[in-house]
Structure formats: C-alpha cells, structure tokens
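Descriptive structure summary
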Amino acid sequence: SVSVKCPKGKTAVAAEVVGQAALMGPRVEVNALARTGRRTVTTAAFNTGNPGKLTAIARCETRPRSVLTSATVPVPAATSTADGEATATAQCPPGKRIVFGGFRATRDADAPAYVVIEVTSATRANGQRWRVHAINVYSDGSGTVQALAYCGKVGRAKARTGTVALGQFKTGTAVATCPRGT
C-alpha cells in the first residue's frame, strides 16, 4: 500500500490511483482506494508479475467537505460454472451528493493467500450512489467488497467518459476530460 497526505489546512477532496501493468512486466492490481484521514489518501494493490509501481494521488483543497458512507457485501467463491460476483452500493444521505468515491476488496481471513478479490468497476450510479463491482475467480475462498462514498454539499455534475478497447493480454489507458472551466 501507499499513502499521500495533503498539506495542513487542506482536505483530500478527490483521489486517484495508478497501478502499473504490462504484458511481460508488472501486473499491479488495485484492491483499495480510500481516504484514511481528512488529509490522507491510501491505496493498496497486489502484484502478480515483475516488480512495478503503485501510485496514490490526492487532490487537496479547502472545499468541499465530505463525510463517508459505505456499504459492504460478501463476494462468494467461484464455482465450477461461474466466477463469484458482487456489487456494493453506498448511498449519500438526503441533501448530499457524491464528492468522490473509493473501494476496498479483501479476501476472508481463512482464505488462502492466493485468493484475490478483483474490483472490475467503481462508478457513480447517480448523484447520490457509488457502486463497486468485484469478482472472485478462485473456488478456495471468498471475500468482501466495500463501496466508499464521500458525500458533501455539491451541485449536480455531468460525467465525462473515456474508453479504450483492450485485446487479450493487452494494457491500455482511458482518459476522461472535463470541459474547460470545470
């Protein structure tokens, strides 16, 4: 895991994470992105390839302030016919909207060390919900996925998306850009 801390007087109002991956190199898979204090963002990952890098990024501002709501659901073990899957959705209280979101995916304490709960998406479902989906391809143990919604008094925001097509065993980067001035 790695953490980054905002300077005194600032709050982590958004967070990002970068896990390095390449076909013949590292394969850093992120399994946590969370604000662990008002000023600190922490991310965690596992690596199934060559040595690589994990980077935590925090946007530090004085506003908007946010409070955490979360939801945790079990991710079952895979069966002979299907992966174990689960979706956790955290909802902001009335009058508050998503400022940013995070997640945690963990294997159960009694699961073997090779069991990995993989987050496949973390998205704003609407202005008040943050949804995180995870899978488990291992039949030897289960785990949990937790959606973390940081909620505050913010206006409506329109989402922008970026998509990249990935072939088998390929890596890529998708970039979403907000309009100038936002």
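Because the structure is predicted, anything quoted here is derived from the model rather than measured.

1. Examining the overall build of the protein
- Check the secondary structure of the protein and you find zero helices and 11 strands.
- Its C-alpha atoms give the protein principal-axis dimensions of about 45 × 35 × 30 Å.
- Burial statistics for the protein: of 182 residues in total, 34% are counted as buried.
- Expressed as a percentage of contacts within the protein between residues at least 6 apart in sequence, the contacts between residues at least 24 apart total 68%.
- Charge centroids of the protein, computed over 24 positive and 9 negative side chains, lie 20 Å from each other.

2. Quick notes on unusual backbone geometry
- A cis geometry characterises the amide bond from Arg-63 onward to Pro-64, with omega recorded as 0°.
- Within the element layout of this structure, Pro-64 appears in the loop between strand S5 (54-61) and strand S6 (67-75).

3. Points about the environment of Asn-31
- By secondary structure assignment, the location of Asn-31 is in strand S3 (residues 28-35).
- Asn-31 sits 77 residues away from Asp-108 along the chain, and the two C-alpha atoms are 14 Å apart.
- When near neighbours in sequence (up to four residues on either side) are disregarded, Asn-31 contacts Ala-44, Ala-45, Phe-46, Phe-103, Arg-104, Ala-105 and Ile-117.

4. What about the packing of aromatic side chains?
- If you walk through the whole model with that rule in mind, you get two aromatic pairs.
- With a centroid separation of 4.4 Å and 10° between ring planes, the pair formed by Phe-100 and Tyr-150 is classed as stacked. Taken together, the residues span a long stretch of sequence, with Phe-100 in strand S8 (residues 97-107) and Tyr-150 in strand S11 (residues 143-152) at a distance of 50 residues.
- With a relative accessible area of 8%, Phe-100 lands in the buried category.
- The class for Tyr-150 is buried, based on a relative accessible area of 1%.

5. A look at the nonpolar core
- Grouped together as the largest cluster of nonpolar side chains are 29 residues, with contacts concentrated most on Val-75, Phe-100, Trp-130, Val-132, Val-145, Ala-147 and Ala-149.
- Elements with a minimum of two residues in this core: strand S2 (11-19), S3, S6, strand S7 (84-91), S8, strand S10 (129-136) and S11.
- Of the residues forming this core, the biggest block, six residues, is contributed by S11.

6. A closer look at the sheet that holds strand S4 (residues 40-47)
- Spatial strand order, S1-S4-S3-S8-S11-S6: six strands in an open sheet with antiparallel pairing. What marks the edges here is a single partner per strand, and that holds for strand S1 (2-5) and S6. Averaged over all pairs of adjacent strands, the angle between strand axes in this sheet comes to 25°, irrespective of strand direction.
- Note: S3 against S4, seven bridges, orientation antiparallel. In the strand pairing of S4, Leu-33 is matched with Thr-43.

7. Focus: the sheet that holds S10
- Taken in spatial order, the three strands line up as S7-S10-S9 in an open sheet, and their pairing is antiparallel. Each edge of the open sheet carries a strand with a single partner, namely S7 and strand S9 (117-126). Strand after strand, the sheet turns through a mean of 20° between neighbouring axes, direction not considered.
- Pairing geometry for S9 and S10, over eight bridges, is antiparallel.

8. Here we look at the side chain of Gln-146
- By the secondary structure assignment, Gln-146 is in strand S11.
- Among the polar contacts listed, one links the side chain of Gln-146 to the side chain of Thr-72, at a separation of 3.3 Å.
- Sequence-distant contacts of Gln-146, defined by excluding residues within four places in its chain, comprise Ser-70, Ala-71, Thr-72, Ala-88, Gly-102, Phe-103, Arg-104 and Val-132.

Analysis parameters
- Residues numbered from 1 in each chain as written.
- Predicted model: local features only at pLDDT ≥ 70, side-chain atom pairs only at ≥ 80, totals over all residues.
- Heavy atoms only, no water.
- Helix = DSSP H or I, 4+ residues; strand = E, 2+ residues; numbered from the N terminus.
- Buried < 20%, exposed > 50% of the residue type's maximum accessible area, 1.4 Å probe, protein only.
- Contact = heavy atoms within 4.5 Å.
- Lys, Arg positive; Asp, Glu negative; His and termini not counted.
- Charge placed at Lys NZ, Arg CZ, Asp CG, Glu CD.
- Phe/Tyr/Trp six-rings, centres within 6.5 Å; stacked < 30°, edge-to-face > 60°.
- Core = buried A, V, L, I, M, F, W, Y, C linked by side-chain atoms within 4.5 Å.
- Pairing = 2+ DSSP bridges.
- Axes fitted to C-alpha atoms, helices over the stretch in contact; angles between N-to-C directions.
- Polar contact = N/O pair within 3.5 Å; in protein donor to acceptor, adjacent residues only side chain to side chain.

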